[in-house]
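Examination of the molecular architecture
Take a look at the letters that make up each chain.
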Amino acid sequence: MDTDYIKSEFASDKSIFARVNIGSVWLVLAVLTAHLVLYTAISAIFASNLPLDAIESLYWGREWQLGYFKHPPMSAWMIDVVVRLFGRSDWIVFASSQLCTILAIIPVLFIVHERYGAKACGYTVLAVFLTHFTTLTSIEYNVNMGFLPFWSWMVFTFLKAEEKDSLFWWGMFGVVSAGGMYGKYIAGVFLISATLWVLLRRRDLLLRPGPYLAVAMFLIAVTPHVLWLVDTDFLPIKYAMNRSGSEGTAWYLHFAMPIKYLIEFIYSVAPMLLALAIAAGWQRMKLASFARVGDLINDVWSDPFLFAVIGPVIVIAAISLGLGADIKTAWSIPLGVVFAGLIGAAANSLDVGLGSFKQRFIASWTILYGLLVLIYVGIFVFSPMVKSKPARMQHDGPALTQIVEKYWYNHEAEPFEYTIGSRWPGGTVAWYASQRASLFEKASLKYSPWIDEKDLQTKGAVYVDYKEPKTKVAGMCVTDPQKVRWPMPDGRVYKKHPEVWIAVLKPALGSNAVTCEGE
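The present account deals with the structure reproduced in this document. Just so we're clear, the structure is a prediction, and the values are computed from it rather than from any experiment.

**A short note on the packing of helix 2 (residues 25-46) against helix 6 (residues 118-127)**
Close contact between helix 2 and helix 6 brings their axes to 9 Å; oriented N to C, the two are set at 10°. Relative to helix 6, the element helix 2 is oriented roughly parallel. Side by side, helix 2 and helix 6 meet where Val28, Val31 and Leu32 of the first sit next to Cys121, Gly122, Val125 and Leu126 of the second. Residues belonging to the contact of helix 2 with helix 6 are distributed by class as follows: 6 nonpolar, 1 polar and no charged.

See the structure below:
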């Protein structure tokens, strides 16, 4: 089978792939740039609404809190800085998500280039885009995408600190790790892995000041967020624990959940493994897999980078084993990016004495990557034809906002500063409004503690939600409630077409205060 495949057009020395310099820095730059442009363009062309998590990040970021009821604040801060600098355009948000992916890949490329050479770097940049984490799901800016660069830079700075044992790199590791914790708490998984490596393999470092400097820098940086956590009774941690379903877990789930997690992780990196297997050929992969099992264990045990790739997978599986918790697939996103470095290193070692390896790897990558792109475009093109209700990115947020603003100005002269409602319709209108508004989510200070209720009740608000409003919302009288159909691109109407309630909430305080009927 291998002989026939080597003779194929893709694998031959005459194919276009034979002329590709896999170790060229220009290849790396071309792949990164092309991916950034391609996925930003597809999203900007086909999407008529930002996805839910992006909407949520934007209305969180506007408020600049030390934390939010679901997550720590870094991803929300990051996207707010971007839109303040470059403007409120959907394509900028889509591009920001792809930029986070690229910023996560760069330190992995640095590590691989330094340890395994330029060819391994080239294979890595191809492999990293063979997972749905960096393609299909990367278009939605959220806490996972905002956190993604921090994990890779944590790995990079730790390896530098471990290797050079310089105060500069230990300090950088502490600062970047703090940034990671502000991004998402799974940063702690890598900190556990790094601690295990030091305790098991590099105890000599404990006699040096570097690790203690890293700890000090980390603690100083995270202290404001820790104080916020205490003040809010650890709200995001409770949210995470509730989502994991770890309370009252049946005994068998302590075994089933780790297995489920490992299967999902293997599934997420399977296209990378597939490209590697096709390039090497079945016989060679079979021989390598049996011959290298013991060597691979020794390599992981002796190489801090390989431990940084595999160690967090083991730590997460151990957490799932201990808690019986259903680990969310999103935990694997940063691990998958770093795993691409392992694929790059493996490809580099296999690309010896087999002249067609490079051609077959690139050919496999072209087909698999192209398939992912077609799937993404196909979701936009075909889902309206087969679904009874629209996907979130196929709502028309700007059109709904125009309806709401026209309705508002029929009652009020000044732009609304507050929207009240659920995160999807309310957050969408808050983002697309002519004047960016604050969202009072579900009229609850639990979800929106930044709201100044006195200022809100003095200025009034617009209500946008799926639920019909009661006589009063947030202490303000409901005026002229109406149910409106959420517009879709090209006037499309779905069988289960979404409708939302809108209403003007009149001021309850100040010179323009309104008393509700019957009071």
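**Concerning the environment of Phe361**
Note on placement: Phe361 falls in helix 17 (residues 357-386). When its relative accessible area of 0% is taken as the criterion, Phe361 is described as buried. Between the C-alpha atoms of Phe361 and Leu274, which are 87 residues apart in sequence, the distance is 9.5 Å. Excluding residues that lie within four positions of it along the chain, Phe361 makes contacts with Tyr123, Leu126, Ala127, Ala275, Leu276, Ala279 and Ala347.

**A few points about the pairing of strand 6 (residues 499-505)**
Along strand 6, 6 of the 7 residues are buried, which leaves the element largely enclosed by surrounding structure. Pairing between strand 5 (residues 476-485) and strand 6: 6 bridges, direction antiparallel. In the sheet register, Gln482 faces strand 6, and the bridge partner there is Ile502.

**What to know about the sheet that holds strand 4 (residues 472-473)**
The mixed open sheet is built from 6 strands, whose spatial order is 2-1-3-6-5-4. A strand with exactly one partner marks an edge of an open sheet, and here the two such strands are strand 2 (438-441) and strand 4. Both strand 4 and strand 5 contribute to a ladder of 2 bridges, which runs antiparallel. The partner of Lys472 across the bridge, within strand 5, is Cys477. Contacts from helix 18 (residues 397-409) reach strand 3 (461-465), strand 5 and strand 6, with the element oriented near 140° to strand 5.

**Side note on the pattern of salt bridges**
Enumeration over the complete set of coordinates arrives at 18 salt bridges. Taking the shortest distance from any N to any O, the salt bridge between Arg115 and Asp303 comes out at 3.4 Å. In this pair, Arg115 sits in helix 5 (residues 90-116) while Asp303 sits in the loop between helix 14 (293-302) and helix 15 (304-323), placing the two residues 188 residues apart along the sequence. Ionic pairing is found between Lys459 and Glu417, a salt bridge with its closest N-O pair at 2.9 Å. Placement of Lys459 in helix 20 (residues 453-459) and of Glu417 in the loop between helix 18 and strand 1 (418-421) is noted, with a sequence separation of 42 residues between them. Taking relative accessible area as the criterion, Lys459 reaches 39% and is therefore assigned partly exposed. Each of the salt bridges in this network shares a partner with another, and the network as a whole consists of Glu56, Lys70 and Arg423.

**Structural notes on the state of the cysteines**
On inspection of all chains with the given rule, the structure shows 1 disulfide. The disulfide partner of Cys477 is Cys516, and the S-S distance across this bridge is 1.8 Å. Since a negative S-S torsion denotes a left-handed disulfide, the Cys477-Cys516 link at about -110° is left-handed. Linking Cys477 in strand 5 with Cys516 in the segment after strand 6, this pair joins segments that are 39 residues apart in sequence. Taking the relative accessible area as the measure of exposure, Cys477 reaches 6% and is therefore buried.

What counts as what
- Residues numbered from 1 in each chain as written.
- Predicted model: local features only at pLDDT ≥ 70, side-chain atom pairs only at ≥ 80, totals over all residues.
- Heavy atoms only, no water.
- Axes fitted to C-alpha atoms, helices over the stretch in contact; angles between N-to-C directions.
- Helix = DSSP H or I, 4+ residues; strand = E, 2+ residues; numbered from the N terminus.
- Parallel < 35°, antiparallel > 145°, perpendicular 65-115°, else oblique.
- Contact = heavy atoms within 4.5 Å.
- Nonpolar A, V, L, I, M, F, W, Y, C, P; charged D, E, K, R; others polar.
- Buried < 20%, exposed > 50% of the residue type's maximum accessible area, 1.4 Å probe, protein only.
- Pairing = 2+ DSSP bridges.
- Salt bridge = Lys/Arg side-chain N within 4 Å of Asp/Glu carboxyl O.
- Disulfide = S-S within 2.5 Å.

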